[in-house]
Amino acid sequence: MKPISTKTWELLNALKANQSLWQRLLVPHDPPLWGFEEIGASGESLILPHLTPFLLHQRQDVRESAQRAVQTLVAATQSQDFVELDDHCRQEWSNGLDGSSAWTHIKPAQINSVAGDPVRAAVLGLASFHNSGYIRAEAVKQLSNIQDGSEFPFLLVRVNDWVESVRNSATQAMFARIQPENTGPFFHHLSLVLRLQICGRTQHQPLVSAIKNLLSGPTAQPLLRGGLLSEDRWLRRESARLATDSIKNAGPDLLDDLLFHFDPVVRHWAARNGLSAVKTGTLRPILAKLLRDGSVPVRCEALNILAQRFPEEANDALTGALLDRHSSVRTVARFWITTKAPTFDCASFYRENLSQPQTCRAAILGLSESGSSTDAELILPFHKTPVVSLRKDVIKSLAALNGDHHVDLFLSDLTHEHPGISNQAARALLGRSHAVSDRLLNIFRHDTHPHVRKNAFGLLRKQAVWASGIFLFEALRDRDEIIVELGRKGLRDWLKRSSSVFVAPTTAEADELRSALKASAGMFSDQELRQLEFCLKTNSQ
């Protein structure tokens, strides 16, 4: 919600004229009515609790001006902000804001007269935020008599009231409004409806389910189509959920809107939950398009449906999916192929496709997922490729198939001038760096490429805890400020890690740690230095 601006505070102060309580009693101030209009136009709904004293003003024109300002501000409040506004109003009134005494002590019998007909719902809505349960109960009762949709946000908020009688009255009022003509207000306040699913004062699921059923019906179709085009991602996806539930009651156009929506999450939901209702003749061309979708979950879902609904026709699509660019799709394809034909050798299939330029990349990755350590030798010749993406895939595959045998190659690639290749080599060396820590330290000390040194730092930091500490103290004295900052962060993590290690450093490690700490002492505050010295002392005993 918009914070209250300085200008709006000034307008409010002008309305109050900053009089003392005694002055207001003896010489009542006549507020400038134009101020109410400007406050209303500000759209700053958080000012609403400060306007309530004017709703009880002795002059009718002041009361009416305040009512119009309240109505304007309520109309400008987003649906999802009413819960925050409810909390804010109650907190402000509890704090005893200036001039609010009459409002905080208002009686239930006064509520009906305070809310004028043109702005009735807005003023009653403010009363439904009141600290007193009696006032909220009366406000809910009066709001229940309004049938123009303006009462919806206030009643939906009160459905989760902490007073049972208020909660029950609001719930009954909302159940009574579950009618086709109220589809619009329910959809407009969808965030307040779905909020009830996570509220814990009582079980709201029957109400939420009934509203969802209404919003999945025929009268909601135009609203759902509009929601699917919204720039608000939350509204777009919640509209998709409701639209998916209503596919059985809708025509094929709505399904097309969902399956070929620009949001990949919407397409996935539609494929997973909507295609079961599609007839066989219509489903085939839809699946053909979805198998080429840019979203991985959509392609996986299309493969699953194809294999289940058309098992005899799925062979070509499944075989083609073995060479998909993403591992999830390849995994799904292998599952269905081996389910249908347990003797099918996926690794042999990938070996055969290594020689094809258009399929070699997927074949390399597929072989790393289904092959054996001996297949690494078939992939190794591709390591010389000048194509960065292919070379990264080769490094990844070699690491998966027989990584321990290719540590020298990974160390060489770690120093590559291209950051992507160096990064992939660093990932390949994870879990293997302990055996080559001296070589990594040499790379860290002498290489000139920042990305190479950063990758070497990451690997050296993941050594055994005491060796890692010795290295981190050295990193603090580095020439590169980025490395120094990484060293500081690493040492903070190292302190936590070392406190939970039950293996004491060797005598040599303890001596190196003390020497490294002494050399880096100038990089720490006195408190940090004492903490580090205490850590070394306690762990060396």
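On a predicted model such as this, the values are computed, not experimentally measured, just so you know.

(A) Up close: the layout of surface pockets. When its volume is computed, the second largest pocket comes out at roughly 300 Å³. What lines the second largest pocket is a set of 21 residues, and nearest its centre among them are Val-74, Ala-75, Ala-121, Ser-150 and Phe-154. Those elements that place two or more of their residues in the lining of the second largest pocket are α5 (60-75), α9 (120-127) and α11 (152-158). The residue inventory of the lining of the second largest pocket, partitioned by class, reads 10 nonpolar, eight polar and three charged.

(B) Quick look at the packing of helix α3 (residues 34-42) against α5. The geometry of α3 relative to α5 is characterised by a closest axis approach of 8 Å and an angle of 10° between their N-to-C directions. Comparing the axis directions of α3 and α5 gives the class roughly parallel. On α5, the residues that touch Phe-36, Ile-39, Gly-40, Ala-41 and Ser-42 of α3 are Val-62, Ser-65, Ala-66, Ala-69, Thr-72 and Leu-73. Partitioned by chemical class, the residues of the contact of α3 with α5 number seven nonpolar, four polar and no charged.

(C) Summary view of the nonpolar core. Formed by 161 residues in total, the largest nonpolar core has its most connected members in Leu-51, Leu-126, Phe-186, Leu-258, Leu-275 and Trp-494. Take this core: its biggest share by element is eight residues, from helix α21 (residues 296-309).

(D) Geometry of the packing of helix α32 (residues 465-475) against helix α34 (residues 507-519). Packing of α32 against α34 leaves a shortest axis separation of 9 Å and a crossing angle of 20°. It follows from the interaxial angle that α32 and α34 lie roughly parallel. The interaxial crossing formed by α32 with α34 has left-handed handedness. Across the interface between the two elements, Trp-466, Gly-469, Ile-470 and Phe-473 from α32 touch Glu-509, Glu-512, Leu-513, Ala-516 and Leu-517 from α34. Considering only residue class, the contact of α32 with α34 consists of six nonpolar, one polar and two charged.

(E) Geometry of the environment of Asp-86. Mapped onto the elements of the fold, Asp-86 is located in helix α6 (residues 82-94). Between the C-alpha atoms of Asp-86 and Val-157, which are 71 residues apart in sequence, the distance is 8.1 Å. Filtering out sequence-adjacent residues up to four positions away, Asp-86 remains in contact with Phe-129, Val-157 and Arg-158.

(F) Highlighting the packing of aromatic side chains. Within this structure, the stated rule accounts for 12 aromatic pairs. With a centroid separation of 5.8 Å and an interplanar angle of 45°, the aromatic rings of Trp-93 and Trp-103 are classed as tilted. Of this pair, Trp-93 sits in helix α6 while Trp-103 sits in helix α7 (residues 101-104); the two residues are 10 residues apart in sequence, bridging distant segments of the chain. When sorted by exposure, Trp-93 lands in the same class as Trp-103, which is buried. Relative to Tyr-350, the ring of Phe-349 has its centre 5.7 Å away and its plane inclined at 70°; by these criteria the two rings are edge-to-face. Exposure class is identical for Phe-349 and Tyr-350. Each is buried. What links up through ring pairs into an aromatic cluster is the set Phe-82, Phe-129 and Phe-154. We note Arg-453 situated over the ring of Phe-444; from NZ or CZ to the ring centre the distance is 4.5 Å.

(G) Up close: the environment of Asn-455. Tracing the sequence through the fold places Asn-455 in helix α31 (residues 450-461). With residues near it in sequence (within four places) discarded, Asn-455 still touches Leu-414, Ser-422, Asn-423 and Ala-426.

(H) Spatial organisation of the state of the cysteines. Within this structure, the stated rule accounts for zero disulfides. Cysteine Cys-199 remains unbridged, with the sulfur of Cys-89 as its closest cysteine sulfur at 18 Å. Given the relative accessible area of 14%, Cys-199 is considered buried. Of all cysteine sulfurs in the structure, the one in Cys-300 sits closest to Cys-346, which takes part in no disulfide; the separation is 15 Å. Judged by relative accessible area, which is 8%, Cys-346 ranks as buried.

(I) Highlighting the side chain of Asn-182. Its place among the elements puts Asn-182 in the loop between α12 (164-176) and α13 (183-188). Judged by relative accessible area, Asn-182 falls into the buried class, the value being 11%. Within the structure, Asn-182 has its side chain in polar contact with the backbone oxygen of Arg-177 (distance 2.7 Å). For Asn-182, the residues in contact, after removing those within four places along its chain, are Phe-152 and Arg-177.

Calculation rules
Residues numbered from 1 in each chain as written. Predicted model: local features only at pLDDT ≥ 70, side-chain atom pairs only at ≥ 80, totals over all residues. Heavy atoms only, no water. 1 Å grid on protein atoms, 1.4 Å probe; cavity = no way out; pocket = protein on both sides within 12 Å on 5 of 7 lines; lining within 4 Å. Points joined across faces, edges and corners; volume = space filled by probe spheres on them. Helix = DSSP H or I, 4+ residues; strand = E, 2+ residues; numbered from the N terminus. Nonpolar A, V, L, I, M, F, W, Y, C, P; charged D, E, K, R; others polar. Axes fitted to C-alpha atoms, helices over the stretch in contact; angles between N-to-C directions. Parallel < 35°, antiparallel > 145°, perpendicular 65-115°, else oblique. Contact = heavy atoms within 4.5 Å. Core = buried A, V, L, I, M, F, W, Y, C linked by side-chain atoms within 4.5 Å. Buried < 20%, exposed > 50% of the residue type's maximum accessible area, 1.4 Å probe, protein only. Left-handed = near helix turned anticlockwise from the far one by under 90°. Phe/Tyr/Trp six-rings, centres within 6.5 Å; stacked < 30°, edge-to-face > 60°. Lys NZ or Arg CZ within 6 Å of the ring centre and 35° of its normal. Disulfide = S-S within 2.5 Å. Polar contact = N/O pair within 3.5 Å; in protein donor to acceptor, adjacent residues only side chain to side chain.

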